[in-house]
There are 2 protein chains.
Amino acid sequence: MMKGLLIVISAPSGTGKTTLVNMLMRSFPQIEFSISCTTRKPRPGEVDGKDYYFISLEEFEKKIEKNELLEWAEVYGNFYGTPKDKVLKALNEGKDVLLDIDTQGALQVKKNYPEAVLIFILPPSLKELERRLRSRGTEDEETIEKRLLIARRELSLATRYDYIIINDRLQEAFEKLKSIVTAERWKTQRVKEHFSELINDREMLQLLNT
Amino acid sequence: MMKGLLIVISAPSGTGKTTLVNMLMRSFPQIEFSISCTTRKPRPGEVDGKDYYFISLEEFEKKIEKNELLEWAEVYGNFYGTPKDKVLKALNEGKDVLLDIDTQGALQVKKNYPEAVLIFILPPSLKELERRLRSRGTEDEETIEKRLLIARRELSLATRYDYIIINDRLQEAFEKLKSIVTAERWKTQRVKEHFSELINDREMLQLLNT
């Protein structure tokens, strides 16, 4: 069984990340979306175990103590974390896992799991980001201002990612995203670990492994 | 102008490399195929400056002395080399350059130009390779034996490449090849060098460069 890819995608709010992630999941059904746990209260319609695992602050603290989270972060006073056991199990079963997390979390993942593939999606400009956030019409002025501030902090970590995609035209950005996922699967470092599953020819295997 | 990618593709004779390279060139018209120089005599129909630059052994030696070749190799008593000036000029003009060369040459290129992307195409098995070589019906027994020997030596260098693709099903191998070329363009290392051309927003540029 070829080990799955751990794909981490981050982007400032309003960049179009959720749309791109949904397109990617439809296009690659073998990708599993990791469900985070959070101390935030469920919003109307949110389902425990589907949108998030809703847990108490106490339970969250325990998970941190026991090193059961691949990464975690505090956002607007709530805590969010990625359960390590579920992610590693899926990867070992050959499934790719997608994490949609913030920059703090992404860099924690890279530290704990260096094979992770980090992809940062950029808006074409801060002006365009602001325009997109306002055109949603769902957030008040203060929330928009906060999001723009956080966007600025996140942008300053973009170059620590493995890939940077600019979401100017959605379809083009999607093609790039898909290509990255496909290409990463065929990196020598990765293929090498799975020669014996991929190649059914003993002499060729021997030559490759010399 | 975003600098072009230097793409190096190698594969044992009979793997289907030429077909894949032709498909790739049709699919990405911005890729330039590098024309090698050779001391081999032109075959009927071969055109100087199109198939190869046909030069004398003396001229070839001079090119090596003057360090004018990005890589060179001896194959069946003839010399083949890649003119450095033409390749670097095209890359600086933002064109991608594709080199279809042997493993010795590919590793020389990686040494001289570490940003080069090296892709090795594997046959599904040595048996299948032999079958494909024989089914061509164009080569005598001795040539086939020689090619199979050389294939074995080349396979033992495959893991030095950046990517390994198995050409089991042509269309799948082609999709992988295309994805690698697209993904490589959006590696942070590369995008970083071209932020100012890609992003038209001074504040965002500043944040990215901190």
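A. Spotlight on unusual backbone geometry. Residue and element names in this part refer to chain A. Notably, asparagine 67 is not glycine yet its phi reads approximately 60 degrees, a positive angle. Within the element layout of this structure, asparagine 67 appears in the loop between α2 (57-65) and β5 (69-75). Its 9 C-beta neighbours within 10 Å are what place asparagine 67 among the exposed residues.

B. How the structure looks around the pairing of strand β7 (residues 96-100) of chain B. All names here are of chain B. The element β7 is largely enclosed, with a buried count of 4 among its 5 residues. In this sheet, β7 lies alongside strand β1 (residues 6-10) in parallel orientation, the contact comprising 4 bridges. Pairing of leucine 6 across the sheet is with valine 97, part of β7. Where strand β2 (residues 31-33) meets β7, 3 bridges bridge the pair, whose relative direction is parallel. In the sheet register, phenylalanine 33 faces β7, and the bridge partner there is leucine 98.

C. Spotlight on the relation of the copies chain B and chain A. Least-squares fitting of chain B to chain A yields an RMSD of 0.0 Å, with the superposition described by an axial translation of 0.0 Å and a rotation of 180 degrees. Both copies of the chain, as the preceding transformation shows, are related through a two-fold rotation axis. Of every C-alpha in chain B, the one belonging to B:Ser179 sits nearest the axis of rotation, 2.1 Å from it.

D. Broad picture of helix α1 (residues 17-27) of chain A. Residue and element names in this part refer to chain A. For α1, the complete set of buried residues consists of Lys17, Leu20, Val21 and Leu24. Across the axial projection of α1, the buried residues extend over an arc of 100 degrees, all falling on one side. Among the exposed residues of α1, those oriented more than 90 degrees off its buried face are Thr18, Asn22 and Arg26. If you follow the buried residues of α1, they end up packed against β1 (6-10), β2 (31-33), β7 (96-100), β8 (117-122) and α7 (170-185).

Cut-off values and rules
- Residues numbered from 1 in each chain as written.
- Chains lettered and ligands numbered in written order.
- Predicted model: local features only at pLDDT ≥ 70, side-chain atom pairs only at ≥ 80, totals over all residues.
- Helix = DSSP H or I, 4+ residues; strand = E, 2+ residues; numbered from the N terminus.
- Buried ≥ 20, exposed ≤ 12 C-beta atoms within 10 Å, placed from the backbone.
- Pairing = 2+ DSSP bridges.
- Least-squares fit on C-alpha atoms with pLDDT ≥ 70 in both.
- Arc of directions from axis to C-beta.
- Contact = placed C-beta atoms within 7 Å.

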